[in-house]
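Descriptive analysis of the structure
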Amino acid sequence: RQAGTLRLGGTRTSNLFSLLNEKDSKTRGFDAGLAQLITRYILGDESKHQFTQVTSSTREQVLINDQVDMVLATYSITSARAEKISFAGPYYTSQAGVLVKSNNKAIQSHNDLGGKKVATQAGSTGPAILSQFAPKAVVQEFQTHQEALDALRQGRVDAYVTDHTLLLNALSLGTGDAKLAGAPFGAQDPYGIGLPKGSDGAAFINAFLKTLQVDGTWAKLWTISIGQRTGSTAVPAPPALP
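Residue positions within a chain follow its written sequence, with the count starting from 1. Totals for whole chains, interfaces and linings use all residues, but because this is a predicted model, local features are given only for residues with pLDDT of at least 70 and pairs of side-chain atoms are given and counted only at 80 or more. The basis for every side-chain value is the complete set of non-hydrogen atoms in the structure, without hydrogens or water.

1. A word on the sheet that holds strand β3 (residues 18–21)
Here is the rule we go by: When DSSP locates at least two bridges between a pair of strands, those strands are taken to pair. Under the scheme used here, helices are H or I runs from DSSP no shorter than 4 residues and strands are E runs no shorter than 2 residues, and both carry numbers assigned from the N terminus.
Ordered by their spatial adjacency, 3 strands build an open sheet running β2-β3-β4, and the pairing between neighbours is antiparallel. Taken across any chain shown, the strands that pair with only one partner, and hence form the sheet edges, are β2 (13–14) and β4 (26–28). Looking at chain direction, β3 and β4 are connected through 3 bridges and run antiparallel. By the bridge assignment for β4, Leu20 is matched with Thr27.

2. Digging into the pairing of strand β6 (residues 70–76)
Stated precisely, the cut-off is as follows: For each residue, the accessible area found with a 1.4 Å probe, counting protein chains only, is set against the maximum for its type, and the residue is called buried under 20%, exposed over 50%, and partly exposed in between.
With 7 of 7 residues buried, β6 is to be regarded as a mostly interior element. The pairing of strand β1 (residues 6–10) with β6 spans 2 bridges and is parallel. Each residue of the ladder has a partner; that of Leu8, found in β6, is Met70. Two elements, β6 and strand β12 (residues 185–195), share 3 bridges in a ladder whose sense is antiparallel.

3. Observations concerning the environment of Leu37
Let me state the cut-off plainly: Only heavy atoms matter for contacts: two residues are in contact if any of them lie within 4.5 Å across the pair.
Along the polypeptide, Leu37 turns up in helix α1 (residues 30–43). In this view, Leu37 contacts Phe208, Leu212, Thr217 and Leu221; residues no more than four positions away in its chain are not counted.

4. Details of the confidence of the model for the protein chain
Definition in use: Every residue gets a pLDDT, meaning the predictor's confidence in that residue, from 0 to 100.
In this model, the protein chain carries an average pLDDT of 93, and 100% of its residues clear a pLDDT of 70 or more. For the protein chain, the element scoring lowest by mean pLDDT is helix α6 (residues 164–172), at 80; β1 scores highest, at 98.

5. Comments concerning α6
Extensive coverage of α6 is indicated by the burial of 7 of its 9 residues. For α6, the full list of buried residues reads His164, Thr165, Leu166, Leu167, Leu168, Asn169 and Ala170.

6. Some points on the packing of α1 against helix α7 (residues 201–214)
To be explicit about the condition: As a rule, the C-alpha atoms of each element are fitted with a line to give its axis, helices using only the stretch in contact, and angles between N-to-C directions run from 0 to 180 degrees. Note on angle classes: values under 35 degrees are labelled roughly parallel, values over 145 roughly antiparallel, values of 65 to 115 roughly perpendicular, and the remainder oblique. In this scheme the handedness of a crossing depends on how the near helix is turned from the far one: anticlockwise by less than a right angle means left-handed, clockwise means right-handed.
Two elements in contact, α1 and α7, have axes whose closest approach is 11 Å; the angle formed by their N-to-C orientations is 115°. Taken together, the axes of α1 and α7 are roughly perpendicular relative to one another. Between α1 and α7 lies a crossing of right-handed hand. Here Leu34, Leu37, Ile38, Tyr41 and Ile42 of α1 lie close against α7, whose contacting residues are Phe204, Ile205, Phe208, Leu209 and Leu212.

7. Re the side chain of His110
For clarity, the threshold we go by: Any pair of nitrogen or oxygen atoms within 3.5 Å is treated as a polar contact; in protein, a donor-acceptor pairing is required on top of that, and neighbouring residues in sequence qualify only through side-chain atoms on both sides.
Note that His110 resides in the loop between β7 (86–101) and β8 (117–121). Note on His110: relative accessible area 17%, which makes it buried. A polar side-chain atom of His110 sits 3.4 Å from a polar atom in the side chain of Asn111.

What follows is the structure, given as structure tokens:
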């Protein structure tokens, strides 16, 4: 509040979570909406933020280097990451999913990935998930979600494994060239808000997240940003907060 701006690390390429609309220069999605709510809560105006683009591989480093105050970017809470930074949340949970081309009949679930070329994001939980659930897959790591999608669409890989909710991005665009193979799998993947190590901001943000859950704002945000755009009518229960 004293600085007058919130330095935010995020992405602008995720259709359901944070996507830049170049026509009006506004960013929309679940993460983008949550970032706007937090900025407004602290500074009274959601526009008072300074945006820094991050990738799966740079999220910890921008916090460690004091380039941003927080990272809100479908950022899975893991023990390894928590050794370097602090997390508020979780504010959302997901599982892993498999995306394939719409004409692919050979891959029906993650059980069919053995020997197949499988894309995932470097620095994400994808490589560990594939090591556990599809150890015989030929894994190719890409820096961004879009690069992995492009590799799938161009036929350079047979499948793309990452958070199930992120894969809904491709389906929500309505191009019809991809489909989900099987149900979500693996452990629940909690998304958190990255903060500098030891930050007392974690308790501050968690208290605000709890307010959003109780007053119905969390459910409204999910409905607008994800539910209506994927045809989902059942609002999930928000995750339990510490």
